[in-house]
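Topology and contacts: notes
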Amino acid sequence: MKNTIIISGVGFKPKNNNLTSDENIFNSKNVFLNIGCASAKVLAKSGYNLIILSRTEEKLKRIKDNLLELYPNVTIKYNAIDIISETSINAFFSQLDTNIEYGYVHSAGLSAGGYKIKDNNPYLEIDDIPVDLPIREYEVVVKSLLLMIRGFQPIFKRQKSSRVVVVNSLSGIRAYPLGFSHSAAKGGLHNAIRSLALELSKKNIFFSEINPGIVDTGAYENDFVIESVRKIGREFGYNYDEIPKISPIAVAEAIELCLKSEANIMTINLLPEGQWKHQGA
């Protein structure tokens, strides 16, 4: 039997509020899946049982119901939790069935902490960055990982081997203009993952880091974000008319590979074909 996979940061975004209440979000052209939600689809299709997590219970229920329409032979549960609240996370782990083997997919971004950026654009010139944004963005991605891995420790100790896949970003391994806050947060997460991998591999807890470039989750439909990404692209000699993006399903397939591979895949970097190939600061 395959492990039950717990996935954090599972959500979706309707396109222009055109999504109807009876549409299956996984068959609809009116919805953007985020990486956590795409991962739930790919893993459910492969027969994994799932526990999906985010802050919004209404969306989680819909995701669960829509997945079960497609894959009725898997078990899917959901919990609405605040991933940067120690109280919320402890409550979640206190009710987990300890007789099940678990793996974990960590997918967290600014929205997980409920922090709103002006124009929803994290790619800002230095004079336009709110002074608390770097700390808030760092807190969401790094603190959430710390709290979740602490919560998993008693479970992982009972398992022969455990897999954790952390969704980071190429922003964590390459600097670029307008990236002060976002690159700082994701760079911190990158080194946090590497530290955990070194510390916990001796306990047979194995980490994989997924670093996608621009992903088609709806975040890049915003005019302010589009203009910022075009500015960044021009710094590397690319003049984008349309911003190149990869599907969240492609990222989810890389996540599945890390979970099922005989090898401990340490890092996968994914770029859309037309995006600048700069890698490393």
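Everything below is about the structure shown above.
The notes below deal with the structure included here. (Residues numbered from 1 in each chain as written. Predicted model: local features only at pLDDT ≥ 70, side-chain atom pairs only at ≥ 80, totals over all residues. Heavy atoms only, no water.)

A look at the environment of Lys13
With respect to the element layout, Lys13 can be found in strand β2 (residues 12-14). On a C-alpha basis, the gap between Lys13 and Asn30 in space is 8.7 Å, while along the polypeptide they are 17 residues apart. If we ignore the near neighbours within four places in the chain, the residues touching Lys13 are Asn30, Val31, Phe32, Thr217 and Gly218. A polar contact of 3.2 Å, which involves the side chain of Lys13, links it to the backbone oxygen of Gly218. (Helix = DSSP H or I, 4+ residues; strand = E, 2+ residues; numbered from the N terminus. Contact = heavy atoms within 4.5 Å. Polar contact = N/O pair within 3.5 Å; in protein donor to acceptor, adjacent residues only side chain to side chain.)

Some words on the pattern of salt bridges
Oppositely charged side chains can form a pair if their charged atoms are brought close together. Considering all chains together, one arrives at eight salt bridges under this definition. Of the charged contacts, one joins Lys245 and Glu221 as a salt bridge, the two residues approaching to 3.8 Å between their closest N and O atoms. Taken together, the positions of Lys245 in the loop between α6 (223-235) and α7 (248-260) and Glu221 in the loop between β8 (205-212) and α6 put the pair 24 residues apart, joining distant regions of the chain. For Lys245, a relative accessible area of 26% corresponds to the partly exposed category. It is possible to trace a salt-bridge network through shared partners that takes in Arg136, Glu139 and Lys143. (Salt bridge = Lys/Arg side-chain N within 4 Å of Asp/Glu carboxyl O. Buried < 20%, exposed > 50% of the residue type's maximum accessible area, 1.4 Å probe, protein only.)

Some remarks on the packing of helix α3 (residues 86-94) against helix α4 (residues 133-158)
Running from N to C, α3 and α4 cross one another at 25°; their axes reach a closest spacing of 10 Å. Considering their axes alone, α3 and α4 lie roughly parallel with respect to each other. Crossing geometry of α3 relative to α4 is assigned as right-handed. Of α4, the residues touching α3 (which contributes Glu86, Ile89 and Phe93) are Leu147, Met148, Gly151, Phe152 and Ile155. (Axes fitted to C-alpha atoms, helices over the stretch in contact; angles between N-to-C directions. Parallel < 35°, antiparallel > 145°, perpendicular 65-115°, else oblique. Left-handed = near helix turned anticlockwise from the far one by under 90°.)

Here's the deal with the sheet that holds strand β7 (residues 162-167)
Taken in spatial order, the seven strands make up an open sheet running β5-β4-β1-β6-β7-β8-β9, and their pairing is parallel. Strand pairing shows two members of the sheet lacking a second neighbour, β5 (76-80) and β9 (267-270), which therefore form its edges. Taking each pair of neighbouring strands and ignoring which way they run, the sheet shows an average axis angle of 15°. Summarising the sheet, β8 and β9 pair through four bridges and their orientation is parallel. Across the sheet, the residue bridging to Asn211 is Asn269, located in β9. Helix α1 (residues 35-45) contacts β1 (4-7), β4 (49-54), β7 and β8 of the sheet and is inclined by roughly 170° relative to β1. Strands in contact with helix α5 (residues 180-200) are β7, β8 and β9; relative to β8, the strand with the most contacts, it is inclined by about 160°. (Pairing = 2+ DSSP bridges.)

Description of the environment of Lys64
Examined against the element boundaries, Lys64 turns out to sit in helix α2 (residues 57-70). Separated by 24 residues in the primary sequence, Lys64 and Ala40 have C-alpha atoms spaced 9.1 Å apart. Beyond its immediate sequence surroundings of up to four residues, Lys64 is in contact with Ile52, Ile76 and Tyr78.

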